[in-house]
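What follows is the residue order along each chain.
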Amino acid sequence: MASTNHLSPGLSTRCVHAGTLPDACAGGVNSPLYTSTAYAYPGPANENIYQRYFNTPNQQAVADKLAALEGAEAGLVFSSGMAAISTLLLTFLQPGDHAVFMKGLYGGTHALIQDFLARQQVRISWADTPDAFARELKENTKLLYIESPSNPLLRCIDIAAVARLAHSKGILSVIDNTFATPINQQPFKLGIDLCLHSATKYLNGHSDLNAGIVVASDKHIRRLRACATNLGGMLDAEVCARLERGLKTLAIRVERHNANALHLARHLASLPAVARVYYPGLESSPDHTVASAQMAGFGGMLGVELAEAARVPQVLLRLRIAKPALSLGGVETLVCVPAHTSHCNLSPQQREQVGISDGLIRISVGIEDSDDLLEDFDQAIGS
Ligand SMILES: Cc1ncc(COP(=O)(O)O)c(C=O)c1O
């Protein structure tokens, strides 16, 4: 699919303008909304247009904006992050292939790999460092998959090292860039081949739609689209238009998420009732050096581990601004307890093995006034 990217403008300018469709009818500043499911054939460049072919104007507008933001040639917009991930894995992995995945991925991705991909006769290994990825390589390895920072423990991996390893063996490298967004992290500059997002989170930013996006070279996106057309996980035009609107404010929102999260992380780390804060922006984080080298900002997600796990329900009840809720990346501050949500099916011992303690609260820090958030967590957690 031809891309109309203009890579020279800054990220904020790209957020506002890249991909916008011209309104030849009325000269409106926003992309017109094309709701049709039936288009005259043959379409432009003799390509038939159909929502499930992932090629309607509103799908293209969003794909082009994100491709411009990530510095990629092309993109494909899906109905959810999981639709993007499952389609990508089914496109680039065949029965008998082997792939290495980063440990500690988002629970939904982990379940897809463990429960579904393994049944497709794809061989799977797990690794947590570039060296460990190298040790897991086999003759039939086709793909390396990372998520940095990861959900929920905010682990960061040396992206360039993983990409170099993949290239040296002629295999694909994939990153889930959901937590960082292109404002904080530009994986293509680090050599990654395919970059994906749950656009449900920061890209949209208002907790009111589900979407996913993959961006990559024209060649990879063409291959992905051939499989996506069969699987059918496309995004409706009206939702595309809302996602396009959300993306216009991405840069400015992320700046505020970054500032609020760093401020809150530093403050929480000073409270005696807090055993540990997980945030790559803190000097105490084991991943601070690698994160500082590859991120422009550290993002809006953090984890806080209470010294007394039994106090977690009380803390959640006491919060006045932050709301206990699933999902993340919206303008409002949300908290959730991985032991009760994404990791509730594991035993306490299994949770301990993957580093998820019962006292861990994941915070998606919103764009409210920073001091209000500090006060809210202060009164809820206490000293
Ligand atoms: C890092 C990450 N990737 C992918 C997904 C899946 O996205 P979606 O819920 O839009 O399918 C999530 C969801 O929380 C996530 O946190």
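In this text the structure is predicted, and so the values were computed from the model without any measurement. (Residues numbered from 1 in each chain as written. Predicted model: local features only at pLDDT ≥ 70, side-chain atom pairs only at ≥ 80, totals over all residues. Heavy atoms only, no water.)

### Focus: the domain arrangement of the chain
At step 1: Entries for the chain in the domain assignment read domain 1 (11–248) and domain 2 (251–381).
At step 2: For domain 1 versus domain 2, the distance between C-alpha centres works out to 26 Å.
At step 3: Contacts between the two partners involve 30 residues from domain 1 and, on the opposite side, 35 residues from domain 2.
At step 4: Summing the contributions of domain 1 and of domain 2, the shared interface buries around 2,500 Å²; its carbon and sulfur component is 59%.
At step 5: When residues of domain 1 are sorted by the area they lose upon contact with domain 2, L153, N184 and Y202 head the list and together hold 29% of the total.
At step 6: Taken together, the connections running from domain 1 to domain 2 amount to 1 salt bridge.
At step 7: For the pair domain 1 and domain 2, the number of links is 15 residue pairs in polar contact (both at pLDDT 80 or more). (Domains from an automatic or database assignment. Contact = heavy atoms within 4.5 Å. Buried area = accessible area lost by both parts, 1.4 Å probe. Salt bridge = Lys/Arg side-chain N within 4 Å of Asp/Glu carboxyl O. Polar contact = N/O pair within 3.5 Å; in protein donor to acceptor, adjacent residues only side chain to side chain.)

### Re the sheet that holds strand β7 (residues 212–216)
Sheet strands line up and pair through hydrogen bonds in the backbone, either parallel or antiparallel.
At step 1: Strands sit in the order β1-β7-β6-β5-β4-β2-β3 across an open sheet of 7 strands; the sheet is mixed. The two strands at the open ends of the sheet, each matched to only one other strand, are β1 (74–78) and β3 (123–127). The sheet shows a mean angle of 20° between the axes of neighbouring strands, direction not considered.
At step 2: Pairing between strand β2 (residues 98–102) and strand β4 (residues 141–147): 4 bridges, direction parallel. In the strand pairing of β4, H98 is matched with T141.
At step 3: Packing against the sheet, helix α8 (residues 218–231) makes contact with β1, β5 (172–176), β6 (194–198) and β7, and its axis sits at approximately 25° to β1. (Pairing = 2+ DSSP bridges. Helix = DSSP H or I, 4+ residues; strand = E, 2+ residues; numbered from the N terminus. Axes fitted to C-alpha atoms, helices over the stretch in contact; angles between N-to-C directions.)

### Let's talk about the nonpolar core
At step 1: Counting residues in hydrophobic clusters, the biggest one holds 79 residues, and the most contacted among them are L88, L89 and L243.
At step 2: Per-element tally for this core: the top contributor is helix α3 (residues 81–92), with 6 residues.
At step 3: Here this core spans two domains, and each of domain 1 (11–248) and domain 2 (251–381) adds at least three residues to it.
At step 4: Among residues more than four places away in sequence, those in contact with L88 are L143, V174, L194, L196, V214 and L224.
At step 5: Among the nonpolar cores identified, the runner-up in size contains 35 residues, and L282, A291, M295 and L373 belong to it. (Core = buried A, V, L, I, M, F, W, Y, C linked by side-chain atoms within 4.5 Å. Buried < 20%, exposed > 50% of the residue type's maximum accessible area, 1.4 Å probe, protein only.)

### Thoughts on the packing of aromatic side chains
At step 1: Tallied over the full model, the rule gives 5 aromatic pairs.
At step 2: Ring geometry for F101 and W126: centres 5.8 Å apart, planes at 45°, overall tilted. One end of the pair, F101, is in strand β2; the other, W126, is in strand β3, and 25 residues separate them in sequence.
At step 3: One aromatic cluster is present, built from ring pairs that chain together F101, W126 and Y145. (Phe/Tyr/Trp six-rings, centres within 6.5 Å; stacked < 30°, edge-to-face > 60°.)

### Some points on the side chain of T200
At step 1: Positionally, T200 belongs in the loop between β6 and β7.
At step 2: The class for T200 is buried, based on a relative accessible area of 9%.

### Re the packing of α3 against α8
At step 1: Look at α3 against α8: their axes get within 9 Å of each other, and the N-to-C directions meet at 110°. On the basis of the axis angle, α3 is roughly perpendicular to α8. With respect to the hand of their crossing, α3 and α8 are arranged in right-handed fashion. Across the interface between the two elements, T87, L88, L90, T91 and F92 from α3 touch H220, R223, L224, C227, A228 and L231 from α8.
At step 2: Looking at side-chain class alone, the contact of α3 with α8 contains 7 nonpolar, 3 polar and 1 charged residues. (Parallel < 35°, antiparallel > 145°, perpendicular 65-115°, else oblique. Left-handed = near helix turned anticlockwise from the far one by under 90°. Nonpolar A, V, L, I, M, F, W, Y, C, P; charged D, E, K, R; others polar.)

### A word on the site of the ligand
At step 1: Around the ligand lies a shell of 13 residues, among which M82, N151, D176, S198 and T200 are the nearest.
At step 2: A distance of 2.8 Å is found between an oxygen atom of the ligand and a backbone nitrogen or oxygen belonging to M82.
At step 3: With respect to the ligand, the side chain of K201 contributes an N or O atom lying 3.2 Å from an oxygen atom.
At step 4: Relative to its unbound accessible area of 390 Å², the ligand is 92% covered by the protein chains.
At step 5: Broken down by element, the residue count for the shell around the ligand peaks at 3 residues, all from α3.
At step 6: Considered class by class, the residues forming the shell around the ligand number 4 nonpolar, 6 polar and 3 charged. (Near = heavy atom within 4 Å. Areas by Shrake-Rupley, 256 points an atom, 1.4 Å probe, with all protein chains shown as cover.)

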